[in-house]
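Topology and contacts: notes
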Amino acid sequence: MTETAGRMDRAVEAAKEDFATVRTGRANPQLFQKISVEYYGSPTPLAQLASLNTPEARTIIVTPYDKTALKAIEQAIRDVPNLGVNPTNDGNIVRVTMPELTADRRKEYVKIVRSKGEDAKVHVRGIRRKAKDDLDALKSDIGEDELARAEKELDALTRAHVDAIDEALKRKEAELLEV
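These remarks concern the structure in this document. What you see is a predicted model; the values in this text were computed from it and never measured. (Residues numbered from 1 in each chain as written. Predicted model: local features only at pLDDT ≥ 70, side-chain atom pairs only at ≥ 80, totals over all residues. Heavy atoms only, no water.)

1. Topic: helix α3 (residues 70-78)
- For α3, the set of buried residues is Leu 70, Ile 73, Glu 74, Ala 76 and Ile 77. The buried residues of α3 occupy one face: seen down the axis, they fall within an arc of 165°.
- Of the surrounding elements, those touching the buried residues of α3 are β1 (36-39), α2 (46-49), β3 (50-56), β4 (59-64), β5 (88-89) and β6 (94-97). (Buried < 20%, exposed > 50% of the residue type's maximum accessible area, 1.4 Å probe, protein only. Helix = DSSP H or I, 4+ residues; strand = E, 2+ residues; numbered from the N terminus. Arc of directions from axis to C-beta. Contact = heavy atoms within 4.5 Å.)

2. Considerations on the nonpolar core
- By size, the foremost hydrophobic cluster in this structure holds 20 residues, and its most contacted members are Phe 32, Leu 46, Val 62, Ile 73, Ile 77 and Val 96.
- Of all the secondary structure elements, the ones that give two or more residues to this core are β1, α2, β3, β4, α3 and β6.
- It is α3 that provides the largest number of residues to this core, a total of four residues.
- Core analysis: the next-biggest nonpolar cluster, separate from the first, contains 16 residues, Ala 11, Val 124, Ala 131 and Leu 157 among them. (Core = buried A, V, L, I, M, F, W, Y, C linked by side-chain atoms within 4.5 Å.)

3. Brief notes about the packing of helix α1 (residues 2-20) against helix α4 (residues 103-137)
- Put simply, α1 and α4 touch, their axes get as near as 10 Å, and they point 170° apart. As summarised for this structure, α1 and α4 are arranged roughly antiparallel, according to the angle between their axes. Counted together, Thr 4, Arg 7, Met 8, Ala 11, Ala 15, Asp 18 and Phe 19 of α1 and Val 113, Lys 116, Gly 117, Ala 120, His 123, Val 124, Ile 127, Arg 128, Lys 130 and Ala 131 of α4 form the full contact between these two elements.
- Partitioning the contact of α1 with α4 into residue classes produces nine nonpolar, three polar and five charged. (Axes fitted to C-alpha atoms, helices over the stretch in contact; angles between N-to-C directions. Parallel < 35°, antiparallel > 145°, perpendicular 65-115°, else oblique. Nonpolar A, V, L, I, M, F, W, Y, C, P; charged D, E, K, R; others polar.)

4. A word on unusual backbone geometry
- Positive phi values are uncommon outside glycine, yet Tyr 40 reaches one of about 50°.
- The residue Tyr 40 is located in the loop between β1 and β2 (42-45) in this model.
- Classification of Tyr 40 as exposed rests on a relative accessible area of 68%.

5. Quick notes on the packing of aromatic side chains
- Applying the stated criterion to the full structure yields one aromatic pair.
- Judged by centre distance (4.7 Å) and plane angle (70°), the ring pair of Tyr 39 and Tyr 40 falls under edge-to-face. (Phe/Tyr/Trp six-rings, centres within 6.5 Å; stacked < 30°, edge-to-face > 60°.)

6. Examining the sheet that holds β6
- Taking strand neighbours across the sheet as the criterion, the four strands line up as β3-β4-β6-β5 in an open arrangement whose pairing is antiparallel. At either margin of the open sheet sits one strand with a lone partner, and together these are β3 and β5.
- Alignment of β3 against β4, held across five bridges, turns out to be antiparallel. Note on β4: the bridge partner recorded for Ser 51 is Thr 63.
- Together, β3, β4, β5 and β6 form the strand contacts of α3, whose direction differs from that of β6 by roughly 15°. (Pairing = 2+ DSSP bridges.)

Just geometry here; none of it tells us what the structure is for.
Structure representation (structure tokens):
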């Protein structure tokens, strides 16, 4: 049960991190956490190649540690789907200005976030299913009463984690729809 709770906790945290990658009206370095840059022939996370700063509400400055990676970073940011930005390169840094969100774009982002939330809930339920199978395998060792108590505990654990995902989803939706 402890292992299952830990796996569910990690699934909820992963969902929250995933929600952070969907942009809102202001610039957030979290948006760039999952961007992978082709660096010397291998995909490398952007955070390992550059520092990210937000000097203004809608601007992110990407300062590469290695100036030779500048073009690759610019191209990787441009290629990210659902971001809708056009980075500019001045030879030392990449400046990314986030465009204003339209009402349609906000609704589209809410759909994306809901989809990510549903995927996270499916993952938590998959963890529950595996734990239930493990409990069923122990049925002969622990007895009916212990099995029933453990299943109730597992259901409560699953419900709590699904509710945590729903709560994070509501917060992100409110953030996206806020003008």
